[in-house]
Each structure stands twice: as structure tokens, then as C-alpha cells.
Amino acid sequence: MTRRATAADVIVVGAGPVGLLLAAELRENGARALVLETLPEPTGESRASVLHTRTMEIFAERGILDRLGPLPALGPGHFGGLRFDLAAAEPEHPYAGQWECLQSRLEAVLQRHASDLGAEIRRGHTVTGLTQTADGVRVRVLGPDREPYDLTAAYLVGCDGEPSTVRELAGFEFAGRDADKEMLRADVAGLTLDDRRLKRYPDGVATAYRRPDGVTRLMVHQYGAAPGGEVDFERVAAAWSAVTGEDIRHGEPLWLNRFGNASRQVTQYRRGRVLLAGDAAHVQMPVGGQALNLGLQDAAGLGWKLAREVTGTARPGLLDSYHDERHPVGARTLTNIQAQARLLFGGQEVTALRDVFGELLRHDAVQRHLARMISGLDVQERPRPPARHTPTPGRSTVDRLIDKTALVTGSSRGIGRATAVALARQGALVAVHYTANEQAAQETVALIEQEGGAAFAVRAELGVPGDAHELFLGVEQGLKERIGESRLDILVNNAGVTTTGQPPEDITPEEFDRYFAVNARAPYFIVQRALPLMPDGGRIVNISSGLTRTANPDQLVYAMTKGAVEQLTLHLARHLAPRGITVNTVAPGITNNGGAIFDIPEAVEAMAQLSAFKRVGEADDVADVVTFLATHEARWITGAFIDATGGTLLG
Ligand code: NAP
């Protein structure tokens, strides 16, 4: 017995698309990865050939799409054989719909991607044993020379597909049921059949699709056919003839296969130091490419978290959030696939059900709901912190601000802090600005980092000569250190001083100038200084106040400064529209910023009465509105005054 050393933090078992993407993710986030694969060479087979919108986003963010080259769009999809348009998920999305990419090509590209990032890939190496220790995992491996050897690493991930050895060896519970229906599949040369897609016949359902290389992919199910026995061409041809009445026996079978409607999922995606991803964690009927896409999205969800764990930079519980996030997504996918299997494999008994489903699918809202689910766009994931800050070719509804940078003035506390945290949750790198309260600013940064986000603090006093210049010295330096350039995508002018409530008669000229200098002049010159750093499509949000719409004489000067801020929004929105930069005002009402008054219950009760909802606003209530305005979804809003007062202005 030899013991071959490995410098890997994580052993990934299986060099299919899921294992290869995971290895790349681990490397990209600073962990050392070793992939073990039984097959000496890739099979060249392509069980799956469809990429969905979320997967396309993941690939775009990592530069994998560039390596794949242009992919043909596949047109509408189906739900249990009923036609519906996957692009309905988000018609304007750059990757709306479904995209063709043969698995064999995907594997080749992902292998190169993972290798280029430094992952070691050993082919012809089979895992035969697995032991967990207190601080790691030991595996017994059979090498190509048939010589067994042992390897250790901190963690091991099974990406070894449906018949997962890792799942077996580590004792995962694999709940669910086996297949009771089967679909036969074959790639056959020498046929000239009409293309059809899940066409229903009296005795079954059949698909024929002639690929550009002239080979025809066939799929056929005879109603009631249960799995069992060998799949040979004779059997496929007999089933094809029984269902369609066509004779294909003269064709040359190149690949034969079958799949069933089994539905199983491990109850836990993690057992100690062993985790599962892809088909190793969930087995489902491979319909519409969901199995491949689900697995790839598992890998993207796991990679950065596991890397943080092994590099000692994860907050407590981060790794367990992989199960918490991905298990429900897997369960939901299995449910929709079982529903599809019913619609697909059923004979006359499902005709009524199919008719009703078909009617429902003609409704936009239903199409959109299902399309978002299948495309992976309705998943709530903790955003991945930016590992590499390259411009995002697409956009994501999950990590909606990934690779974006933001400056939030006055984000040491209050609404600014909540906004910084909310933007970081969506993936943005945030400059946290403050002037006096360094400790509070560092707390904001720590809050963001604990959640896996990225931020840095910048000090600059506003309202004094040279304020914007000083601020941007720090912002530019911070950005350059982290992303190698000083690009600023999002600016939130939030810092402000509020009058404590002085009658108009009592305000001195010095006080008047001070309020204007901090609240109105500073935002103006911050915008002026930010614009050369802001790419087209950037976002500016100015924080005003509901007080510009309701009279409160004791805060006259404060309200005047906010009136000026609103003018900044209005005129800049027109000025910057040609560059696709949106400029909007968000006007909070009374908002708990952690100030002393919010500790006095009677005062809070009195203030709460002003809102239609009879409570004071929380900083998050405002931060979420600002964050929305920063996203792609808000691209059509500019020059707007957004009332975020909880209905205070309704009177
Ligand atoms: P806050 O808790 O008072 O925090 C103010 C922030 O601005 C702090 O980060 C502070 O930094 C910074 N700041 C203040 N003066 C500054 C100066 N001269 N130079 C640089 N930074 C300065 O604020 P908030 O209540 O969350 O309010 C945020 C924004 O919302 C303001 O524009 C405010 O007018 C507006 N607003 C608030 C309410 C409300 O009820 N809270 C209602 C309507 C509108 P340090 O921590 O370093 O001091």
C-alpha cells in the first residue's frame, strides 16, 4: 500500500460537468482541489445538451461562456410535453430561453477551465473506500496501475452521479422511490425521419431530432412500459414501431440508453466532511436538461462556501447553508419533474389533466412562474462574494449586483449602514463612508464580511472644502486595491445632518450654510467627482426626506436642503440618460436609525402614528428600496421621487 500525498484541501470525486465546475470554483476562491475520476477518458457521450438561464449567468460571470463560444438558442421548451416558452421567465434577459451545448463539449471546456485555474485532475483513479476523521477525510483509491493508495484532505465532495460511490460509502440516506416507467433513448445514424418532439400517439410518446451531424436522437415510451432487461437496438426499434408505426431497423445504433422516472434525494447534502452535489445528491428524470442545470447550480452554490471553510474565512454556519439553500431547490425540482413525468408517461387517463395544464400554460403568469422555476431564476441564494472582479456580461436575479461596486456615503450607521449591507448581499463591493465614527464604519464592514460580502471603510468629512476630493482619494484607492481599477457602478448620497428642530427665526447664517454644505453641496460635487468613474448603466440614488412634501417649520432649513437634493435628481436624470445612468430620489419618513429617541417607547409610539402602517420605519425598509433602484430591474426608472415613508404623506 502506498500513500500518495496530495496538497489538496478538497477531493472532488467525479469529473463530469458538476465536479469540474466545483473544482474550478474551489480554485478560484483560493482552495486547492483534486478531482478523481474512474474513466480514463471522457466518454464523448452527451446525455444532456441544454443550458438554462441561471446556468448561462453563472458561466458568463466566470468567463466560461467565452470559452464555449456562441451557443445556439433552442427555442421554446416544454412542461411534461406541453409546449411553453422558457424565455417567458424574463423575456429581456440576455440569456432568456434555453441554449444548446453538448455535454461532451461542456466537459472539455470545464476541464480546461478547472486545469487552468490549477485544479489537479486524475483520470483512471477510482475511490473504493472512505473514512472520516476529526479533521479530514481519508480515501482509498485504485490507480490506473491497479495499485491501491490512500489520500487525505479536509473535505470530500461526491459529484459521482446517480450511482454515487461516495453517497454509498459515506452512508447518506437517499430517500424517494425507484422508477416504474422508462423512456428508451438512442442515437441512430442512417435514418431520415421527420423531426417531432414528445409527440403523443395512441400507444405512446416519441421524439425524433436530427442533429447537425446527421445522427438522429430518438426517444420512445410505450404507455405502461416499466424498466427492466437489457436495452438493445432490437428493443428500441420494436418500441418505435409499436408507437409510431415506422420501421427503423435499417439504422445504425451509435448509442443506446434509457431513463426512468425515479425520484430520490439525499436527506442531508452534508455528512461531516463529506458533501454531495449534482445527481449524487438527487436523482430525477432527465427532462428538459433540468438535472444537468440543477447540478451545475449546486456546484456554483457550494464552491465558494467550501473554499471559505477550508481557508478559514467562513463565518460560522456558512458551509451548512449549502444544504439549507440547495436541498429545497432540489426537492422543488424533483416535484416539478414528477408532475411532468405524470403528464408525459400517462395514456388516456391523463388527457383531461393535460388539457387543463395546456390551458393554464397559455396564461402569461403561469408560463412565467414555471419558466422562472425551471430556469433557476427564482432561487434565493446567499450571494457569492466577488472572487474575481470582471465586468458581468449578463446579470443575475440571484447575485443581482455581483461584480458591481458601490459607494454609500454615511454608511457607518442608520439607513446608510442598512443600504451598504443590502447592496453587499446582492454581491456588490461596497465603500463604507463615515466621518467621525470609525468604529461604527468598521462594524458595517464586519457585518458585510460575516455574510461573505466585501467592503472597505473610507473616512472623509463632508461639508468642508475639498470634501469630495478627499472622499474619492480613499474610494479610488480602495477600489484599485480590490479590483484593480476605480470603477464605481453605484453611488448612494445618503450622509446628511438633520436639524434638531429650531424655529425658523433662530437659525444663524452659519448653521444655514453648514446644513447646505453637508446635505446639498457635498452630494453635488460627489456626483461630479463620481461620474468619470461611473460606467454607462450606472446608478445614482439621492436620499431626501418626506419633509419636502409636508410642512414642518421647525425643520425648514433641513427641508430646503433636501429640496435641493431633489433638484439634483431631476436635472441629472435628464443629463445622464444618454449614458443609461439612472438618478432617483428616495425619501424616507421617520426611520429608526438607532438614535437615542428610538429607545423612548412613548416617542416611538407618537412617531408611529404618522405612518399609514402605524409604525416607524426600519432602516432596512428604506435600504431595500435603494437596493432595488441599483439593480437592472429598475433600469426604466429615472428622475423619480420614491416615497419610502410608509404612507406618511397620505395624510
Ligand atoms: P444617521 O444615523 O444620523 O447617520 C448619518 C451618517 O452620515 C453617518 O454615517 C455619519 O457618519 C454621516 N455623516 C453625517 N454628517 C457627516 C459629515 N459632515 N461628513 C461625513 N459624513 C457625515 O443618518 P440616518 O438617520 O440614517 O439618515 C440617513 C439619510 O436619510 C440622511 O440623508 C437623512 O437626512 C435621511 N433621512 C433620515 C430620516 C430618519 O428618520 N432617520 C428621515 C428622512 C430622511 P459618522 O457615523 O462618522 O458620524
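Overview of the structure. (Residues numbered from 1 in each chain as written. Predicted model: local features only at pLDDT ≥ 70, side-chain atom pairs only at ≥ 80, totals over all residues. Heavy atoms only, no water.)

Mapped onto the elements of the fold, Asp-187 is located in strand β14 (residues 182-189). Since its relative accessible area comes to 7%, Asp-187 is described here as buried. Residue contacts for Asp-187: discarding those within four places in its chain leaves Arg-211, Val-215, Thr-216, Arg-217, Glu-252, Pro-253, Leu-254 and Trp-255. (Helix = DSSP H or I, 4+ residues; strand = E, 2+ residues; numbered from the N terminus. Buried < 20%, exposed > 50% of the residue type's maximum accessible area, 1.4 Å probe, protein only. Contact = heavy atoms within 4.5 Å.)

Close contacts around the ligand come from 30 residues, with Ser-412, Ala-436, Asn-494, Tyr-558 and Asn-593 the closest. Between an oxygen atom of the ligand and a side-chain N or O atom of Tyr-558, the distance comes to 2.5 Å. Between the ligand and Thr-591, the relevant distance is 2.8 Å, taken from an oxygen atom to a main-chain nitrogen or oxygen of the residue. Contributions of two or more residues to the shell around the ligand are made by α11 (414-425), β24 (429-434), α14 (509-530) and α15 (556-576). Across the shell around the ligand, the residue classes break down as 12 nonpolar, 14 polar and four charged. (Near = heavy atom within 4 Å. Polar contact = N/O pair within 3.5 Å; in protein donor to acceptor, adjacent residues only side chain to side chain. Nonpolar A, V, L, I, M, F, W, Y, C, P; charged D, E, K, R; others polar.)

Another aspect to go through is the side chain of Asn-29. Examined against the element boundaries, Asn-29 turns out to sit in the loop between α1 (17-28) and β3 (33-37). One polar contact links the side chain of Asn-29 to the main-chain carbonyl oxygen of Glu-25, over a distance of 2.8 Å.

Before going further, it helps to spend a moment on the environment of Gln-268. As for its placement among the helices and strands, Gln-268 is situated in the loop between β19 (263-266) and β20 (270-271). Judged by relative accessible area, which is 39%, Gln-268 ranks as partly exposed. Expressed as a C-alpha distance, the spacing of Gln-268 and Arg-326, which sit 58 residues apart in the sequence, is 10 Å. Residues in contact with Gln-268, not counting those within four places in the same chain, are Phe-172 and His-323.

The next subject is the packing of aromatic side chains. Using the criterion set out here, one finds five aromatic pairs in the structure. Taking the centre distance of 6.4 Å and the plane angle of 85 degrees together, the rings of Phe-79 and Phe-84 count as edge-to-face. Each member of the pair Phe-79 and Phe-84 is classed as buried. Pairing Phe-512 with Phe-516 gives two aromatic rings, centres 4.8 Å apart and planes at 25 degrees, and the pair type is stacked. Within this pair, Phe-512 and its partner Phe-516 are both found in helix α14, separated by four residues, close to a single helical turn. Relative accessible area serves as the criterion here: at 28%, Phe-512 is assigned to the partly exposed category. Through pairs of rings, three or more aromatic residues link up here, namely Phe-79, Phe-84 and Phe-357. Taking the ring centre of Phe-174 as reference, the NZ or CZ of Arg-167 above it sits at 3.6 Å. Here the basic side chain of Arg-273 rests over the ring of Tyr-155, its NZ or CZ set 4.7 Å away from the ring centre. (Phe/Tyr/Trp six-rings, centres within 6.5 Å; stacked < 30°, edge-to-face > 60°. Lys NZ or Arg CZ within 6 Å of the ring centre and 35° of its normal.)

For the rest of this paragraph, the subject is unusual backbone geometry. Across the chain, the bulk of peptide bonds are trans and the bulk of non-glycine residues have phi less than zero. Although it is not a glycine, Leu-198 sits at a positive phi angle of roughly 45 degrees. Along the chain, Leu-198 turns up in strand β15 (residues 196-201). In the Ramachandran plot, Lys-614 falls in the positive-phi region, its phi being about 55 degrees despite a non-glycine side chain. Within the element layout of this structure, Lys-614 appears in the loop between α16 (601-608) and β30 (617-618). For Lys-614, a relative accessible area of 49% translates into the label partly exposed.

With that out of the way, let us pick up the sheet that holds strand β18 (residues 252-260). Here we have five strands laid out as an open sheet, ordered β15-β16-β17-β14-β18, and antiparallel in their pairing. Only two strands of the sheet have a single partner each, and these edge strands are β15 and β18. Shown here is a sheet whose adjacent strand axes are inclined to one another by a mean of 15 degrees, direction ignored. Strand direction decides the pairing type here: strand β16 (residues 204-210) and strand β17 (residues 216-222), joined by seven bridges, are antiparallel. The partner of Val-205 across the bridge, within β17, is His-221. (Pairing = 2+ DSSP bridges. Axes fitted to C-alpha atoms, helices over the stretch in contact; angles between N-to-C directions.)

Taking 1.5 Å per residue, 12 residues should reach 16 Å; helix α6 (residues 233-244) reaches 16 Å between its end C-alpha atoms and fits that length. All of the buried residues along α6 are Phe-233, Val-236, Ala-237, Ala-239, Trp-240, Val-243 and Thr-244. When α6 is viewed along its axis, its buried side chains cluster within an angular range of 165 degrees and face the same direction. Of the surrounding secondary structure, the elements contacted by the buried residues of α6 are β14, β15, β16, β17 and β18. The first or second residue beyond α6 is Gly-245, which carries a positive phi of 80 degrees. (Expected span 1.5 Å × (residues − 1). Arc of directions from axis to C-beta.)

On strand β12 (residues 155-158), burial covers both faces: Tyr-155 and Val-157 on one face and Leu-156 and Gly-158 on the other are all buried. Relative to β12, strand β2 (residues 10-13) is paired through four bridges, and the arrangement is parallel. Paired with Ile-11 across the bridge in β12 is Leu-156. Across three bridges, the pairing between β12 and strand β21 (residues 274-276) is parallel. Bridging across to β21, Leu-156 finds its partner in Val-274.

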